[in-house]
Amino acid sequence: LATSADEAVEAARRMEFPVVLKISGPKILHKTDVGGVKLNLADEDAVRSGYNEMIATVKERMGSDVEIWGVLVQKMLPRGKEIILGMTRDPRFGPLLMFGLGGIYTEALRDVSFRLAPIRENVAGEMVKDIRSYRLLEGVRGERPSDLGALADCLLRLSQMVTTHPQIQELDINPLIVYPRGQGAMVADARVILAEK
């Protein structure tokens, strides 16, 4: 977490370019909508100007009094398919898990599957196969199949985490970037909301 352009540049130097900048603050839930994401910044000048532009844009769109904790500096991940994993805790039934295509497709397609946690390995695989766009994950038109085992493993770990930690009220991992079979998956962005005490 960088709280100045100089700190952002120093963090980017340590992790090697290119990097991503993401705004961080308690009321900023949809970073992209307020200009709070800068991708593929390849050098120090791009990071410095990206930091300053982002802070200005977010304050312009959300108001100058918006609380900003700083800017997250992260390594730019290679391209892959974007997935969403989520959880909301129902007061009666407990944690409800969600799986679907992530990024911009989540809201546009609403192609998701749901299960109550905890889940077993076979149920994680069913969740992946339940979405209408599952064929995209299998690989179409010469694309390599996605790492479906890694997706199932991520669902199982999410199930275990939200079952073990009842203070987690909501959780979104969007996007989870999944790579071709055998190459795993990486979390690109996540949001966790804890229950009020």
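Everything discussed here concerns the structure shown above.
Residues numbered from 1 in each chain as written. Predicted model: local features only at pLDDT ≥ 70, side-chain atom pairs only at ≥ 80, totals over all residues. Heavy atoms only, no water.

Enquirer: Just to check I follow, could you spell out the side chain of Ser113 for this structure?
Expert: Along the chain, Ser113 turns up in strand E6 (residues 112-116). Accessibility expressed as a relative area gives 4% for Ser113, which makes it buried. In this structure the side chain of Ser113 is engaged in a polar contact, spanning 2.8 Å, whose partner is the backbone oxygen of Met127. Those residues in contact with Ser113, other than ones at most four positions away along the chain, are Leu97, Met98, Phe99, Met127, Asp130 and Ile131. (Helix = DSSP H or I, 4+ residues; strand = E, 2+ residues; numbered from the N terminus. Buried < 20%, exposed > 50% of the residue type's maximum accessible area, 1.4 Å probe, protein only. Polar contact = N/O pair within 3.5 Å; in protein donor to acceptor, adjacent residues only side chain to side chain. Contact = heavy atoms within 4.5 Å.)

Enquirer: I tried to follow the sheet that holds strand E2 (residues 37-41) on my own but got confused; where do I start?
Expert: Hydrogen bonds between backbone groups are what pair the strands of a sheet, and the pairing can be parallel or antiparallel. One open sheet holds the three strands; their spatial order is E2-E1-E3, and the pairing between them is antiparallel. Of all the strands in the sheet, the pair left with one neighbour each is E2 and strand E3 (70-75). Taking the axes of each pair of neighbouring strands and ignoring which way they run, one obtains an average angle of 20° across the sheet. Of the strands in this sheet, strand E1 (19-24) and E3 are in contact with helix H1 (residues 5-15), which crosses E3 at around 15°. Along the sheet, helix H2 (residues 44-62) makes contact with E1, E2 and E3, crossing E1 at roughly 25°. (Pairing = 2+ DSSP bridges. Axes fitted to C-alpha atoms, helices over the stretch in contact; angles between N-to-C directions.)

Enquirer: Please clarify how the pattern of salt bridges should be interpreted in this entry.
Expert: Any two side chains of opposite charge can pair if their charged atoms end up close together. Here the structure, examined in full by the defined rule, presents 12 salt bridges. A salt bridge links Glu44 to Arg13; the nearest nitrogen and oxygen atoms lie 2.6 Å apart. With a gap of 31 residues between them, Glu44 in helix H2 and Arg13 in helix H1 connect regions that are remote in the sequence. One salt bridge connects Glu143 with Lys81, and the closest N-O pair in it is separated by 3.0 Å. With Glu143 in the loop between helix H5 (134-138) and helix H6 (148-164) and Lys81 in strand E4 (residues 81-90), this residue pair connects regions lying 62 residues apart in the sequence. Taken together, the shared-partner salt bridges connect Glu10, Arg13, Arg14 and Glu44 into one network. (Salt bridge = Lys/Arg side-chain N within 4 Å of Asp/Glu carboxyl O.)

So far we have only geometry, and geometry alone does not tell us how the molecule works.
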